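One-letter residues, chain by chain:
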Amino acid sequence: EADIYQTPRYLVIGTGKKITLECSQTMGHDKMYWYQQDPGMELHLIHYSYGVNSTEKGDLSSESTVSRIRTEHFPLTLESARPSHTSQYLCASSELGSTNEKLFFGSGTQLSVL
Amino acid sequence: QQPVQSPQAVILREGEDAVINCSSSKALYSVHWYRQKHGEAPVFLMILLKGGEQKGHEKISASFNEKKQQSSLYLTASQLSYSGTYFCGTEAGANNLFFGTGTRLTVIP
């Protein structure tokens, strides 16, 4: 059902590398989110966007950055990856951004930094 | 500020029932429920928008008590496909959600 895509699905990289996690949705949703989730743990909001040229930090501090140049695209970048960044990153979107509507999640990117 | 879920984990045999609770220290205006299977994305189950509301989804239903600042998810006659981690989500401001600590449900034959 969900038309929200994340690539890559898995990524193993060395410390210090710059990486970009891709997230795209074809539903025309204005609001998009990035959540970070450690194994078996809750989801923490790290970034969100209300629309093009809008980016905000979430409740969990993150060294990553995001951009929103196009409605459908919300990439997340780590300039210099560290082992502490190892986690699953989930992208999500909602149509209007109200908490009265559901979130659509992508399948996630499992990042391992060695 | 994140909601607290209980129990943390539960194991059921097929056909048994379970209740998962979600409590918040702040006023609730809506509650979301999602299920996440291992290695997959969370999938939306339902939203409850006002106190006293109850909703059902097949044999999964939920209630929302805004005065008690809590919601409960009811799984009846559980099936193997119900296994996964269940998360509640509550409003965190800026129209974002705080997700709960999760309840891992395992259904065995």
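Just above, that's the structure.
Reading guide: rules and limits
Residues numbered from 1 in each chain as written. Chains lettered and ligands numbered in written order. Predicted model: local features only at pLDDT ≥ 70, side-chain atom pairs only at ≥ 80, totals over all residues. Heavy atoms only, no water. Contact = heavy atoms within 4.5 Å. Buried area = accessible area lost by both parts, 1.4 Å probe. Salt bridge = Lys/Arg side-chain N within 4 Å of Asp/Glu carboxyl O. Polar contact = N/O pair within 3.5 Å; in protein donor to acceptor, adjacent residues only side chain to side chain. Helix = DSSP H or I, 4+ residues; strand = E, 2+ residues; numbered from the N terminus. Nonpolar A, V, L, I, M, F, W, Y, C, P; charged D, E, K, R; others polar. Core = buried A, V, L, I, M, F, W, Y, C linked by side-chain atoms within 4.5 Å. Buried < 20%, exposed > 50% of the residue type's maximum accessible area, 1.4 Å probe, protein only. Disulfide = S-S within 2.5 Å.

J.: Describe in detail the interface of chain A and chain B, supporting the description with residues and values.
T.: Facing 26 residues of chain A, the contacting portion of chain B comprises 23 residues. For the chain A and chain B pair, buried surface summed over both sides reaches about 1,900 Å², with 55% attributable to carbon and sulfur atoms. On inspection of chain A and its partner chain B, the count reaches zero salt bridges. There are four residue pairs in polar contact (both at pLDDT 80 or more) connecting chain A and chain B. Those elements giving two or more residues to the side of chain A that touches chain B turn out to be strand S4 (31-37), strand S5 (43-49) and strand S9 (87-94) of chain A. Across the side of chain A that touches chain B, the residue classes tally to 10 nonpolar, 10 polar and six charged.

J.: A description of the environment of His 38 of chain B should follow, citing residues and the corresponding values.
T.: The residue His 38 of chain B is located in the loop between strand S4 (31-36) and strand S5 (43-48) in this model. C-alpha separation for the pair His 38 of chain B and Phe 87 of chain B, spaced 49 residues apart in sequence, amounts to 13 Å.

J.: How would you explain the nonpolar core if you had to name every residue and give the values?
T.: In this structure, Trp 33, Leu 73, Leu 75, Tyr 86 and Leu 105 of chain B are the most contacted members of the largest nonpolar core, which totals 21 residues. With near-sequence residues (within four places) excluded, Leu 73 of chain B lies in contact with Ala 18, Val 19, Ile 20, Trp 33, Leu 45, Met 46, Ile 60, Ser 61, Ala 62 and Tyr 86 of chain B. With 19 residues, the next largest nonpolar core counts Ile 4, Ile 13, Leu 78 and Val 113 of chain A among its residues.

J.: Can you break down the state of the cysteines residue by residue, with the values?
T.: In protein structure, a disulfide is the covalent linkage between the sulfur atoms of two cysteines. By the definition in use, this model includes two disulfides over all chains. In this model Cys 23 of chain A forms its disulfide with Cys 91 of chain A; the gap between the sulfur atoms is 1.9 Å. Measuring the twist about the S-S bond at about -75°, one finds the Cys 23 of chain A-Cys 91 of chain A disulfide to be left-handed. Within this pair, whereas Cys 23 of chain A is found in strand S3 (residues 19-25), its partner Cys 91 of chain A is found in strand S9, the two being separated by 68 residues in sequence. Judged by relative accessible area, Cys 91 of chain A falls into the buried class, the value being 0%. Sulfur-sulfur distance for the disulfide between Cys 22 of chain B and Cys 88 of chain B comes to 2.0 Å.

Function-wise, these values are silent; they only describe arrangement.
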